[in-house]
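Listed below, chain by chain, are the residues.
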Amino acid sequence: MTMLATLSVVFFVLTMMAAPVAVSMGVSALVVLVVWGTPGVLFAQKIVNGIDSFPLLAIPFFILCATIMNSGGITTRVIDLFASALGRVRGSSGIVNVGTNVFLSGVSGSAVADAAASGALLIPEMKKDGYSGAFAAAFTACAAVLGPIIPPSIPLVIYGVIAQVSIMKLFLGAYVPGFIIAAALAAYVSVVARRKDLPARGWTSWREIGRKFRVSAWALSMPVLLMLGAKGGLFTVTELGAVLVFYALFVGWVIHREFEWRRFPAMLTDAALQTANIMLIVGISSFIAYLIVVNGIPRDIQAHLKAAELGPHGFMLLVNVVFLVAGIFLDSTPATIILVPIFLPSAIGYGIDPVHFGLVVVLNLMVGLVHPPIGLNLLITQAISRAPMTEVVRESLPLIAVVLAVLALITYVPATVLWLPSILGTP
Amino acid sequence: MINVVRRVGETLRAILRQSLAALLAMIIVLVFAQVIARYFTHIATHHLAEISRLLMIWMVFSGAALLVANRDLIVIDVVHQALSGRARRLLTVANDFLTVVLLVFLGIHTWQLIEIASGKIAPASGLSYVWFYLPPILFCVLGTYFIFEKLVTFREDATPQTETDATIVPEEQHS
């Protein structure tokens, strides 16, 4: 436990000094290595081994896929379809925002990428409808939380690798929670639109909606392809990522004729850099997770929890608090890799399904993306809306409460996660 | 001297950018080839999976070196933003120093690992494990060079050229 405290204190101090997260983790691990005398060769070996994983290859594919979609005109067509279909609803741009994020989630897997993509397109539209810039920013940031929940999801891939759980089962388990959050956010924005008496944009003929649907059909079929691949066991998660990249290229270049090949090398470099940023943390976290396991910390925690007689409900409450706080101050990748090995054995001991546990963990960590003071999604959408940060934070509080209410439901009703994988019979 | 250091740095960054694009493109093609092989040509592709993983390791460490060069590693900069320009620069130098310490330590121990693993062969592709452990060395060498470059060029970059420039604080990128 002294080792864990040393790791945490050094890491926290360095991170607050604005040292890169990977460097803070690496240096805190070095301190432990020197004080506790672990062989340094293990440090190098565990970092490389942490990265050397076939399922983790899916991460650059999902990032690249989102970039290709945005530049191939796929995202704009889907937004156009939603906007036409919902034109008769008051303040429809809010619901279009949720629908777009559900769709983007179905192909990108990253909340930050979704916040940037949907924010640039939809915050101006929401402002045109009469929403304040601050509300539009806060709402888009919260809607983008769907990115890592609805498959494919980078945090779920990382959790699956760490917890040794079927990633496809995690993906299927994430659909219902994702749609519950989407429905809750859509209901909330409808109430706001009604209260502010925002106007409807007007009718679009069914013929026009049908035409826009045909134009977007190729794009809309991407999440279907993903679900079929996941359910049917046609591809591994990594292969699915590669197939989606080729599919997005095909739709953007051949069908929509908007994809520009001259920009492709820059897209590849950008996706590789984003992946390197995540995977460097994955590698160093793997070594810290190794230190934690070798020093018997999960066993000690399990003993403490047993002595405290928490019970499964009390344990899940504790998990929510720990991961929520971790999500506010930490990037989701190190939080998953370091904390999951500590809490997962206890969760299994309480009879909690690792798939259910994984979804609760990831959702908690994602709330950190919209939770002040750091909330990366809020920073991105606030920059797009140019609204004062204090107003954006104020507008985000009720939205965070909505997401937390859904989180409580998912925590205490495991069927919300486990129902779909069980009826589809995923191994 | 400063110009030479800067020019070498720019060349290395350009090479890294091109390499990253090429590595990711190769990984995508290799993984897609596995799907084709499974459903159409029915050829075993364990070696392709292993090579994809190897390329990923090279991509991650080459990318990490470029991220160090661009100061683009993930940072939580809430406190940093509240500091004055001078304190911020001092903190940046301190963080660069910490990064070098980490890189040197990682480099030394990876080298020891290479010596241990030099006789071992990867099971599917038959490649030496040295290829798997070389990328961290590349990261350490290039990362240290880029930080050295920043320190060498720091004074010149910070020296105001005109009266207008005197008010500009060197920009740092944080994600």
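Residues numbered from 1 in each chain as written. Chains lettered and ligands numbered in written order. Predicted model: local features only at pLDDT ≥ 70, side-chain atom pairs only at ≥ 80, totals over all residues. Heavy atoms only, no water.

Regarding the overall build of chain A
Reasoning step 1: On a plain count of helices and strands, chain A comes out with 20 helices and zero strands.
Reasoning step 2: Its C-alpha atoms give chain A a radius of gyration of 22 Å, near enough to 22 Å, the size a compact globule of 427 residues would have.
Reasoning step 3: Each principal axis of the C-alpha atoms in chain A carries an extent, and together these give about 70 × 45 × 45 Å.
Reasoning step 4: Buried positions account for 60% of the 427 residues belonging to chain A.
Reasoning step 5: By sequence separation, contacts in chain A at least 24 residues apart represent 80% of the contacts at least 6 residues apart.
Reasoning step 6: When the accessible surface of chain A is split by element, carbon and sulfur atoms take 67% of a total near 15,200 Å².
Reasoning step 7: Placing the 23 positive and 17 negative side-chain charges of chain A at their respective mean positions leaves the two points 8 Å apart. (Helix = DSSP H or I, 4+ residues; strand = E, 2+ residues; numbered from the N terminus. Rg over C-alpha atoms; globule rule 2.2 N^0.38 Å. Buried < 20%, exposed > 50% of the residue type's maximum accessible area, 1.4 Å probe, protein only. Contact = heavy atoms within 4.5 Å. Areas by Shrake-Rupley, 256 points an atom, 1.4 Å probe, with all protein chains shown as cover. Lys, Arg positive; Asp, Glu negative; His and termini not counted. Charge placed at Lys NZ, Arg CZ, Asp CG, Glu CD.)

Observations regarding the pattern of salt bridges
All names here are of chain A.
Reasoning step 1: Scanning the entire structure with this criterion turns up 11 salt bridges over all chains.
Reasoning step 2: Here E258 ties to R77 by a salt bridge, and the two come within 2.9 Å at their closest N and O atoms. With a gap of 181 residues between them, E258 in the loop between α12 (237-255) and α13 (264-294) and R77 in helix α5 (residues 74-85) connect regions that are remote in the sequence.
Reasoning step 3: Accessibility expressed as a relative area gives 35% for E258, which makes it partly exposed.
Reasoning step 4: Among the ionic pairs, D197 bridges to R90, the shortest N-O distance being 2.7 Å. Separated by 107 residues along the polypeptide, D197 in the loop between α10 (167-195) and α11 (206-232) and R90 in the loop between α5 and α6 (92-105) bring together distant segments of the chain.
Reasoning step 5: Look at D197 and you get exposed, because its relative accessible area is 53%.
Reasoning step 6: On the basis of relative accessibility, which here comes to 36%, the residue R90 falls in the partly exposed class.
Reasoning step 7: Shared partners join several salt bridges into a network, and the residues in it are D80, E208, R211 and K212. (Salt bridge = Lys/Arg side-chain N within 4 Å of Asp/Glu carboxyl O.)

Some details on the domain arrangement of chain A
Residues and elements named next belong to chain A.
Reasoning step 1: Per the domain assignment, the segments making up chain A are domain 1 (1-38) and domain 2 (39-424).
Reasoning step 2: Computed from C-alpha coordinates alone, the two centres of domain 1 and domain 2 are separated by 28 Å.
Reasoning step 3: With 16 residues of domain 1 in contact, the opposing surface of domain 2 contributes 20 residues.
Reasoning step 4: One can count zero salt bridges joining domain 1 with domain 2.
Reasoning step 5: Inspection of the region where domain 1 meets domain 2 yields one residue pair in polar contact (both at pLDDT 80 or more).
Reasoning step 6: Among the secondary structure elements, those contributing two or more residues to the side of domain 1 that touches domain 2 are α1 (2-16) and α2 (21-36).
Reasoning step 7: Partitioning the side of domain 1 that touches domain 2 into residue classes produces 12 nonpolar, four polar and no charged. (Domains from an automatic or database assignment. Polar contact = N/O pair within 3.5 Å; in protein donor to acceptor, adjacent residues only side chain to side chain. Nonpolar A, V, L, I, M, F, W, Y, C, P; charged D, E, K, R; others polar.)

A closer look at the nonpolar core
Reasoning step 1: In terms of nonpolar packing, the biggest core is built from 209 residues, with F43(A), L64(A) and F357(A) touching the most fellow members.
Reasoning step 2: The leading source of residues in this core is α13(A), at 18 residues.
Reasoning step 3: Split by domain, the residues of this core number at least three in each of domain 1 (1-38) and domain 2 (39-424) of chain A.
Reasoning step 4: Those residues in contact with F43(A), other than ones at most four positions away along the chain, are G26(A), A29(A), L30(A), L33(A), F287(A), L102(B), F105(B) and L106(B). (Core = buried A, V, L, I, M, F, W, Y, C linked by side-chain atoms within 4.5 Å.)

Quick look at the interface of chain A and chain B
Reasoning step 1: Between chain A and chain B, the contact holds 55 residues from the first and 52 residues from the second.
Reasoning step 2: Between chain A and chain B, the buried area comes to about 4,800 Å², and carbon and sulfur atoms account for 82% of it.
Reasoning step 3: Across the contact surface, chain A and chain B share two salt bridges.
Reasoning step 4: Close ionic contact of R38(B) with E239(A) constitutes a salt bridge, the shortest N to O distance being 2.3 Å.
Reasoning step 5: Applying the counting rule to chain A against chain B returns eight residue pairs in polar contact (both at pLDDT 80 or more). (Buried area = accessible area lost by both parts, 1.4 Å probe.)

Focus: the confidence of the model for chain B
All names here are of chain B.
Reasoning step 1: Per-residue pLDDT for chain B has a mean of 85; in total, 87% of the residues score no lower than 70.
Reasoning step 2: For chain B, helix α3 (residues 78-82) is the element with the lowest average pLDDT, namely 72, and helix α2 (residues 46-69) is the one with the highest, namely 95.
Reasoning step 3: Note that residues 161-175 has pLDDT below 50 and, in this model, 21 contacts with residues that lie over four places away or in other chains.
Reasoning step 4: Quick note on the complex model: pTM equals 0.84, ipTM equals 0.88. (pLDDT = per-residue confidence, 0-100.)

Thoughts on the packing of aromatic side chains
Reasoning step 1: For the structure on display, the rule yields 24 aromatic pairs over all chains.
Reasoning step 2: Measuring from centroid to centroid gives 6.2 Å for Y145(B) and F146(B), while their planes differ by 70°, and the two rings are edge-to-face.
Reasoning step 3: Given the relative accessible area of 1%, F146(B) is considered buried.
Reasoning step 4: Joined through ring pairs, the aromatic side chains of F315(A), F323(A), F343(A), Y350(A) and F357(A) make up one cluster.
Reasoning step 5: For the cation-ring pair, R88(A) lies above W206(A), with the distance from its terminal atom to the ring centre recorded as 4.9 Å.
Reasoning step 6: Here the guanidinium or amino end of K196(A) rests over the ring plane of F135(A), the centre of that ring lying 5.9 Å away. (Phe/Tyr/Trp six-rings, centres within 6.5 Å; stacked < 30°, edge-to-face > 60°. Lys NZ or Arg CZ within 6 Å of the ring centre and 35° of its normal.)

Observations concerning unusual backbone geometry
All names here are of chain A.
Reasoning step 1: In the segment running from P151 into P152, the intervening peptide bond is cis, with an omega of 0°.
Reasoning step 2: Looking at the element boundaries, P152 is found in the loop between α8 (133-143) and α9 (154-163).
Reasoning step 3: The residue Q164 is not glycine, and still its phi comes out positive at about 55°.
Reasoning step 4: Inspection of the secondary structure assignment puts Q164 in the loop between α9 and α10.
Reasoning step 5: Unusually for a residue other than glycine, E309 sits at a positive phi of about 50°.
Reasoning step 6: One can find E309 in the loop between α14 (297-308) and α15 (311-329).

Observations concerning the confidence of the model for chain A
Reasoning step 1: Residue-level pLDDT values for chain A average 86, and 96% of them are 70 or greater.
Reasoning step 2: Within chain A, helix α7 (residues 111-129) of chain A has the poorest average pLDDT of any element, 78, and helix α17 (residues 354-367) of chain A the best, 94.

Overview of the environment of R386(A)
Reasoning step 1: In this structure, R386(A) sits in the loop between α18 (376-385) and α19 (389-412).
Reasoning step 2: In this structure the C-alpha to C-alpha distance between R386(A) and T236(A), which are 150 residues apart in sequence, comes to 42 Å.

As for the packing of α9(A) against α17(A)
Residue and element names in this part refer to chain A.
Reasoning step 1: Interaxial distance between α9 and α17 falls to 10 Å at its minimum, and their mutual angle equals 135°. For the element pair α9 / α17, the angle class is oblique. The hand of the α9/α17 crossing is right-handed. Across the interface between the two elements, P155, L156 and Y159 from α9 touch P354, F357, G358, L359, V362 and M366 from α17.
Reasoning step 2: Tallied by class, the residues present in the contact of α9 with α17 amount to eight nonpolar, one polar and no charged. (Axes fitted to C-alpha atoms, helices over the stretch in contact; angles between N-to-C directions. Parallel < 35°, antiparallel > 145°, perpendicular 65-115°, else oblique. Left-handed = near helix turned anticlockwise from the far one by under 90°.)

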